[in-house]
Every structure is written in C-alpha cells, then in structure tokens.
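Residues per chain, in single letters:
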Amino acid sequence: MTAAQRSKIPVIVVGAGPVGLALGNELGWRGIGCKLVERSTELVDFPTCESINARTLEHMRRWGMADAMRDAGFPPDMPRSVRFMTRVLGYELLCFERPSNRDFQQTLGHVTPEGGIWCPRMLFEPVMHRHLTHYPQVQLAAGHEVTRFAQDDDGVDVDLQDLRTGQMTYWRCDYLVACDGAASGTRKALGIALAGTFAEGHNITLYFESVALAARLTDKPGVMMDIVNAEGRANLSSVDGRARWRLTVHAMPHEAVDPERRIREALGQQLDFTVIGAKPWDGHRVVAQRYRDRRVFLAGDAAHLLWPRGGFGMNTGVGDVVDLGWKLEAMLAGWGGARLLDSYELERRPVATRNVDEAASNRAEDAGLPVPADIEDDTPAGAQARHRLAEVIRERRAKEWNSLGIQLGYTYGDSPLCVSDGTPALPQSATDYVPNTRPGARAPHGWLEDGRSTLDLFGRGFVLLTFGVTQDMVAGLLSAALERKVPLQTVAIEDVAIAQLYERRLVLVRPDGHVAWRSDQAPRDAGAVIDQIRGSRLTAA
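Read on for a plain summary of the structure. Quick caveat, the model's predicted, so the values are computed rather than measured.

Reading the values: the criteria
- Residues numbered from 1 in each chain as written.
- Predicted model: local features only at pLDDT ≥ 70, side-chain atom pairs only at ≥ 80, totals over all residues.
- Heavy atoms only, no water.
- Helix = DSSP H or I, 4+ residues; strand = E, 2+ residues; numbered from the N terminus.
- Rg over C-alpha atoms; globule rule 2.2 N^0.38 Å.
- Contact = heavy atoms within 4.5 Å.
- Areas by Shrake-Rupley, 256 points an atom, 1.4 Å probe, with all protein chains shown as cover.
- Buried < 20%, exposed > 50% of the residue type's maximum accessible area, 1.4 Å probe, protein only.
- Pairing = 2+ DSSP bridges.
- Axes fitted to C-alpha atoms, helices over the stretch in contact; angles between N-to-C directions.
- Phe/Tyr/Trp six-rings, centres within 6.5 Å; stacked < 30°, edge-to-face > 60°.
- Parallel < 35°, antiparallel > 145°, perpendicular 65-115°, else oblique.
- Nonpolar A, V, L, I, M, F, W, Y, C, P; charged D, E, K, R; others polar.
- Salt bridge = Lys/Arg side-chain N within 4 Å of Asp/Glu carboxyl O.
- Polar contact = N/O pair within 3.5 Å; in protein donor to acceptor, adjacent residues only side chain to side chain.
- Core = buried A, V, L, I, M, F, W, Y, C linked by side-chain atoms within 4.5 Å.

Examining the overall build of the protein chain
Within the protein chain one finds 15 helices and 22 strands. Its C-alpha radius of gyration of 24 Å places the protein chain within 12% of the 24 Å reference for a compact globule of 541 residues. Each of the three principal axes of the protein chain carries a C-alpha extent, and together these read 75 × 60 × 40 Å. Contacts spanning at least 24 positions in sequence make up 74% of the contacts within the protein chain whose residues lie at least 6 apart. As displayed, the protein chain has an accessible area near 21900 Å², and 49% of this comes from carbon and sulfur atoms.

Printed below as a string of structure tokens:
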C-alpha cells in the first residue's frame, strides 16, 4: 500500500493510559488531530497512580479539567496524612500530618494555583477520557493494536488491527508517540535499550474491600500507612476514601501471592475483608538510552521505569508529553526549527533520571529503616524501641511527602532552547522549591488583579511579559517572531509584587510555561533569540 492510499492524521499515539490520554488532551487543546490506539476496551480496574502532583494539575488546569479532577470522587476533605504503624491496627509510630485535597490548594496558593491532589487512577482516568470529547480532532481507537510501523523522511506508516474483528486499517502520520508502557513494543521494535538497575525488589499488590476496616480507622484519618515490623514491610493506601484499599507487600521472588494471609498479617487483627485482585511486580530504576528515533518518540513508562515511592511516575510522563506537545505543534504549523525536536530528549531525559533516582532513594530509605525485634512488644522496652524508630523515620522519611522541588523545581537550564543569561544555576533540592525566572525554570505563579494566575497567561505560543518597559524595547522581538511566523504576544504587568517575582523587566515564556529568555534590556540580536528558542540554532544532539 502506498502512502497516498493510507488515511492521514498528524499524530498517532500508541497507548491510552494516563500518559497517552494526557498527550491526547494536550494535542487536542492545541487543535492537532491525533489517534490514540489502545488494546484494552475497559477502563482500568486495579488501583495505581494515586498522586496527581502540583505541576501535573497545573497542566490539567490549562486543559480545563483540574476542577473535574477534584470532583472525581475522592473525598475532598479527607486529610492526606501518612502514618507509620507496626500493623494497620497496631501501634502508631509517627504521623506526617498533611492537608486534604481542598486545603492543599490553599496551603500552596503562594507557589501554585493548584496544589496537587490524591486521586487514584481508577477515579482520574475516566475524567481524562471524557475530556477528549471536547476535541473532535482526537480519535480513540480502543480494542486496536499497532501491528507494524515504518518511517521515512516524511512520515510514518502505521498498520492497525481491530482485535475484535481482525479488520486492518492503514494510516499515515507525521509523528508516532509511544505511550505503551513498561513493556513498550514500540521501544523494542526500535531497538532502544533501557539503562539502569532492573528488579531491585519484588512486591505483591493486593486490592481489597473492608467496611470494617474503614470503621476502625475513623480516629486515624489519612490516605496512607507505612507498616513497619520485624516480620516485613508493607504499605496501605486508600483507593476511594471509604472502604477500598491497596496493600503493597515486600516479598521474595517466586513467593506465593497468598492474598488472604498477607492482608491478615498486615491488619494485625481479625477483620472482615474481600479480596478484589492481586498482582506481583518488580521495582526498577531505568531510563531509555534514547527518547527518539527520527519521527518516533517515547514517553511515560516507555521511556522510564521507577519505584512508586513519591508519586513521580505518571507525573513525569505527563511532563514528557507537555514538553513534546508544543514542539509537535510548532513543527506541524511550520515555525519550529529544524532541530527543535532534538531538544525533547535533551530536556526530558535528565528530569527522568533525577526522578528515577529520587524514587529509588525513597525506597532505599524505607527498606533500610532499622527495625528492632521488640518493636511490637507491650513493654517499656518495646515503647522505647518504637520511640527511637519514630525519630529515625522523622529524619529520613519526611522528604517523600514533601517534594515541591521535584514537582515544580525541575529546570531546562542546560537546554539549547533556553538563552542563558550567565547567572549560576540554583541548587537542586527534592523538597524545596524557590520561584525564579532563570532561563529553563518554570515561570512562577502569582495572582493577578483579575483573579487569574500568571500561569493562565501561558500555553498559546510564546508570551513576553513586560514590566515597565517602552514599546521600542519589545519591537525587535515582535518583528523577528512575526518574520519567522512564531506566535508571540506581549503582556504588560504593573503589579509590583509580580515584577519582583519575575526578577527582570522582560521575561519570555515558552508554550509549556518555562522561561526561554529574560533581560532588563532589549536583545542586541532579536532574530538570534527567536531562532534559538524555536530550535533553528540547536546544534546536532
């Protein structure tokens, strides 16, 4: 079949899990036609991906679904506290008190308009599915798989099979994006290897329902319990904020799943429960050696696999597709430079490496807790042992649930798309986020007089924020952008507090909300600035 005989669409996305759905919404919001190809015809029925972090929810705010996520079904006023227990119904060692979904938005309102939420995948994925209906140019092909793809200099041929009927359809797209998960067939077909450490630990996840447990925990509100005792380690998390739970147990390879026994041991007391499902899995810390093969890209779990300690996995994948989305738009619209798409790997792979390592660090700190043999003894010595361990937990484990540095502080400062101003890079911290406008950083959030966030200004092309400048200072950039057909608008801001927050009189922000250039003066060569930020001056990767 020739390319001319194939149906045409700009982008095909392989996989419609959370990251594929995020890319569908990102491209749909940008007006780009795409087809999401997903083998399954059912929504996920096993609990994973419980944390939507602040940065991801900021993207969802731009897509218009942040409020729907808050209303997806998890109780908005349930504290997101994390307790360390000897058993679910045993001794409490320590509690990290954390606000509810509703209160987190207010608590973090000085650095983000959203704050992040606890919302397991079983609740948030239907919201992402429904939102796709806003975009008639986005097609969802459930119950289909890619049987073959082949690329040339101008596009990618993709053969799809309907798994229910066996019928084949044949497509031609400009770009193919693999969001097909840890076992990505696309990545394997491209021969791209994963680098890092595989199977660092073996685990079993159990999904169960217990109304009795919910009744017993009314005096211990929260979303998670880490279970620490001399016999082993486990983690209990709330799936629906009511009577459904996910229990993850550390185990040895090839151990029997034995869900009833494991749940009883974790509970520590006899309670009624019903097992819904169980899955064994291994924890990895790996990143793909390459994110791109010409017109085919990897994103999400296809590009990186990490421990679920800190809630970084799905959120890292959403960051991938937001970075890629505006660059695909630029290429399809004709204003992207010839090397723009090379920057995707250059920007996102270091973020993934950092997040993979941080998640592994959280897991190692958790596994390495010194658990005394008498921790469950009802004796003065047992009480002292619990007190000593609580102090260790307080010192070592708090950072997992205080990760604004990971969520908001990642930067593309070394990206060739960002024009360096010579200022030193800020120290990278997993926990602490310092708002700044150094090129590559996320443009800071501040509340405008009309009630909007500064973040609400970004997304449609580039935005040049100006603070008390004359028209002649922006004329060169506007003219250079117009000449190159690069979408650029200016927004004048008079608010003194936001001017201080943005640090310079001129701050140029990319479509993904990251700073591309800043200065107190007009650039000497405006054309060179525009060429660099659109990827036409990028040297070969």
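On we go from here.
Remarks on the environment of Arg524
One can find Arg524 in the loop between strand S22 (515–519) and helix H15 (526–533). Residue class for Arg524 comes out exposed when judged on its relative accessible area of 92%. C-alpha of Arg524 to C-alpha of Ser343: the two residues are 181 residues apart in sequence and 25 Å apart in space.

Some remarks on unusual backbone geometry
A positive phi angle is found at Cys49, which is not glycine, with a value near 50°. Tracing the backbone shows Cys49 in the loop between strand S2 (34–38) and strand S3 (51–52). Located in the positive-phi region is Arg294, a residue other than glycine, with phi close to 55°. Along the chain, Arg294 falls in the loop between strand S16 (292–293) and strand S17 (296–298). A relative accessible area of 46% means that Arg294 is categorised as partly exposed.

Description of the sheet that holds strand S20 (residues 488–492)
Read across the open sheet, the 4 strands follow the order S20-S19-S21-S22; overall the sheet is mixed. Looking along the sheet, the strands with just one partner apiece sit at the ends: S20 and S22. Adjacent strand axes in the sheet meet at a mean angle of 20°, parallel and antiparallel pairs treated alike. For strand S19 (residues 462–466) and S20, the ladder comprises 5 bridges, and the chain directions are parallel. For Val463, the partnering residue across the bridge sits in S20 and is Gln489. Sitting on the sheet, helix H13 (residues 471–483) touches S19, S20, strand S21 (506–509) and S22, and the angle it makes with S20 is about 160°.

Describing the packing of aromatic side chains
Tallied over the full model, the rule gives 14 aromatic pairs. Taking 6.2 Å as the distance between ring centres and 55° as the angle between the ring planes, the aromatic pair formed by Tyr175 and Phe297 counts as tilted. Of this pair, Tyr175 sits in strand S10 (residues 168–178) while Phe297 sits in strand S17, and the two are 122 residues apart along the sequence. Per residue, the accessibility class of Tyr175 equals that of Phe297, and both read buried. Between Phe297 and Tyr344, the aromatic rings sit 6.0 Å apart at their centres with planes inclined by 75°, giving edge-to-face as the arrangement. Highlighted residues: Phe297 in strand S17 and Tyr344 in helix H10 (residues 343–367), separated in sequence by 47 residues.

Here's the deal with the sheet that holds strand S12 (residues 224–229)
On the basis of which strands lie adjacent, the open sheet formed by 8 strands has the order S5-S4-S12-S13-S14-S11-S15-S18 and mixed pairing. Pairing within the sheet leaves two strands with one partner each, and these edge strands are strand S5 (92–96) and strand S18 (304–305). Pairing of strand S4 (residues 82–85) with S5, which is carried by 4 bridges, proceeds in the antiparallel orientation. If you follow Phe84 over to S5, its bridge partner there is Leu94.

Some words on the packing of helix H9 (residues 313–333) against H10
For the pair H9 and H10, interaxial distance at closest approach is 10 Å and the crossing angle is 170°. The angle between H9 and H10 places the two elements in the roughly antiparallel class. Side by side, H9 and H10 meet where Thr316, Gly319, Asp320, Asp323, Leu324 and Lys327 of the first sit next to Ser343, Tyr344, Glu347, Arg348, Ala352 and Asn355 of the second. Broken down by class, the residue content of the contact of H9 with H10 amounts to 3 nonpolar, 4 polar and 5 charged.

Re the pattern of salt bridges
Summed over all chains, the structure comprises 54 salt bridges. It is possible to trace a salt-bridge network through shared partners that takes in Arg6, Arg148, Asp152, Asp157, Asp159 and Arg172.

With respect to the environment of Phe84
Mapped onto the secondary structure, Phe84 falls in strand S4. Judged by relative accessible area, which is 0%, Phe84 ranks as buried. Sequence separation between Phe84 and Met1 is 83 residues, and the spatial gap between their C-alpha atoms is 61 Å. Those residues in contact with Phe84 that sit more than four places away from it in its chain are Tyr91, Glu92, Leu93, Leu94, Phe96, Asp226, Val228, Asp366, Leu369, Ile393, Arg397 and Trp401.

Digging into the side chain of Glu50
Tracing the sequence through the fold places Glu50 in the loop between S2 and S3. Among the polar contacts listed, one links the side chain of Glu50 to the side chain of Arg246, at a separation of 3.1 Å. With near-sequence residues (within four places) excluded, Glu50 lies in contact with Ile117, Trp118, Cys119, Pro120, Met224, Ser237 and Arg246.

Focus on the nonpolar core
If you look at the biggest cluster of nonpolar residues, it comprises 90 residues, and the most contacted ones within it are Ile52, Trp63, Met69, Phe84, Val177 and Leu328. The residues contacting Trp63, other than those within four sequence positions of it, are Ala22, Asn25, Glu26, Trp29, His131, Tyr135, Val318 and Val322. If you look at the next biggest cluster of nonpolar residues, it comprises 23 residues, including Leu464, Leu477, Ala480 and Ala526.

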